[in-house]
Amino acid sequence: VQLVESGGGLVQAGGSLRLSCTASGRTFTTYPTGWFRQAPGKEREFVATITRSGGSTGYADSVKGRATISRDNAKNMLYLQMSSLKPEDTAVYYCAADPYSRFSTKAYHYPYWGQGTQVTVSS
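These remarks concern the structure in this document. (Residues numbered from 1 in each chain as written. Predicted model: local features only at pLDDT ≥ 70, side-chain atom pairs only at ≥ 80, totals over all residues. Heavy atoms only, no water.)

1. Structural notes on the overall build of the protein
Part 1 of the argument: In terms of regular secondary structure, the protein is built from 0 helices and 11 strands.
Part 2 of the argument: Taken from the N to the C terminus, the helices and strands of the protein come in the order β-β-β-β-β-β-β-β-β-β-β.
Part 3 of the argument: Its C-alpha atoms give the protein a radius of gyration of 13 Å, within 12% of the compact-globule value 14 Å for 123 residues.
Part 4 of the argument: C-alpha extents for the protein along the principal axes are approximately 40 × 25 × 25 Å.
Part 5 of the argument: Buried positions account for 44% of the 123 residues belonging to the protein.
Part 6 of the argument: In the protein, 58% of the contacts between residues at least 6 apart in sequence involve partners at least 24 apart. (Helix = DSSP H or I, 4+ residues; strand = E, 2+ residues; numbered from the N terminus. Rg over C-alpha atoms; globule rule 2.2 N^0.38 Å. Buried < 20%, exposed > 50% of the residue type's maximum accessible area, 1.4 Å probe, protein only. Contact = heavy atoms within 4.5 Å.)

This is how it looks when you write it as structure tokens:
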């Protein structure tokens, strides 16, 4: 599975952004997927995850109520809609896929990663 993120950019605090992740590989639809982020000088942290069917989602407390993860298996796409953005949301955002269906918040459970897309929120 190969993953490519897009949709990052510079946005003002309080604004919104929609990140997309394009997946190649026919087995993508069978993998739970997630979004993680990494700010400069910090460890990569969990943002959101979604099951294979899209029926269940999970969020980090820091983004709960402001983020929505979704997927379109027919298009091999994963999305992260973020609203009410804060300067502390500034980070490189990565999508990831887990072939073992763990629905995990742990980065080490995801063997497949994209290259990341930069999100910068100005105050």
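2. Concerning the packing of aromatic side chains
Part 1 of the argument: Tallying each qualifying case throughout the model produces 5 aromatic pairs.
Part 2 of the argument: Arranged with centres 5.7 Å apart and planes meeting at 70°, the rings of Phe36 and Phe46 form a pair that is edge-to-face. With Phe36 in strand 4 (residues 33-38) and Phe46 in strand 5 (residues 45-50), this pair connects stretches of sequence that are 10 residues apart. Residue Phe36 shares its accessibility class with Phe46, and that shared class is buried.
Part 3 of the argument: Site record: aromatic cluster; members linked through ring pairs are Phe36, Phe46, Tyr94, Tyr110 and Trp113.
Part 4 of the argument: When the ring centre of Tyr94 is taken as origin, the NZ or CZ atom of Arg44, which lies over that ring, is 3.8 Å away.
Part 5 of the argument: Lying over the aromatic face of Trp113, Arg44 brings its terminal NZ or CZ to 4.7 Å of the ring centre. (Phe/Tyr/Trp six-rings, centres within 6.5 Å; stacked < 30°, edge-to-face > 60°. Lys NZ or Arg CZ within 6 Å of the ring centre and 35° of its normal.)

3. Brief notes about the environment of Arg102
Part 1 of the argument: In this fold, Arg102 is placed in the loop between strand 9 (91-97) and strand 10 (112-113).
Part 2 of the argument: For the pair Arg102 and Gln81, spaced 21 residues apart in sequence, the C-alpha to C-alpha distance is 23 Å.
Part 3 of the argument: Not counting the four nearest positions on each side in its chain, Arg102 is found in contact with Pro32 and His109.

4. Some thoughts on the pattern of salt bridges
It is possible for side chains of opposite charge to pair when their charged atoms get near one another.
Part 1 of the argument: The final tally for this structure, using the stated rule, is 5 salt bridges.
Part 2 of the argument: For Asp89, the salt bridge identified is with Arg66, shortest N-O distance 2.8 Å. Within this pair, whereas Asp89 is found in the loop between strand 8 (77-82) and strand 9, its partner Arg66 is found in the loop between strand 6 (57-59) and strand 7 (67-72), the two being separated by 23 residues in sequence.
Part 3 of the argument: Across the salt bridge formed by Asp98 and Arg102, the nearest N and O atoms sit 3.0 Å from each other.
Part 4 of the argument: Asp98 gets classed as buried once you look at its relative accessible area, which sits at 0%. (Salt bridge = Lys/Arg side-chain N within 4 Å of Asp/Glu carboxyl O.)

5. Structural notes on the environment of Gln2
Part 1 of the argument: Residue placement: Gln2 occurs in strand 1 (residues 2-6).
Part 2 of the argument: Classification of Gln2 as exposed rests on a relative accessible area of 58%.
Part 3 of the argument: Expressed as a C-alpha distance, the spacing of Gln2 and Lys64, which sit 62 residues apart in the sequence, is 27 Å.
Part 4 of the argument: Here Gln2 is in contact with Thr22, Ala23 and Ser24, once residues within four sequence places are set aside.

6. Some thoughts on the pairing of strand 8
Part 1 of the argument: Judged by how many residues are buried, strand 8 sits mostly within the fold: 5 of 6 residues are covered.
Part 2 of the argument: Taken together, the 6 bridges between strand 3 (residues 17-24) and strand 8 define a ladder with antiparallel strand orientation. Bridge pairing in strand 8 places Ser20 opposite Tyr79.
Part 3 of the argument: Examined bridge by bridge, strand 7 and strand 8 share 6 bridges and lie antiparallel to one another. When the sheet's bridge partners are listed, Arg71 is paired in strand 8 with Leu78. (Pairing = 2+ DSSP bridges.)

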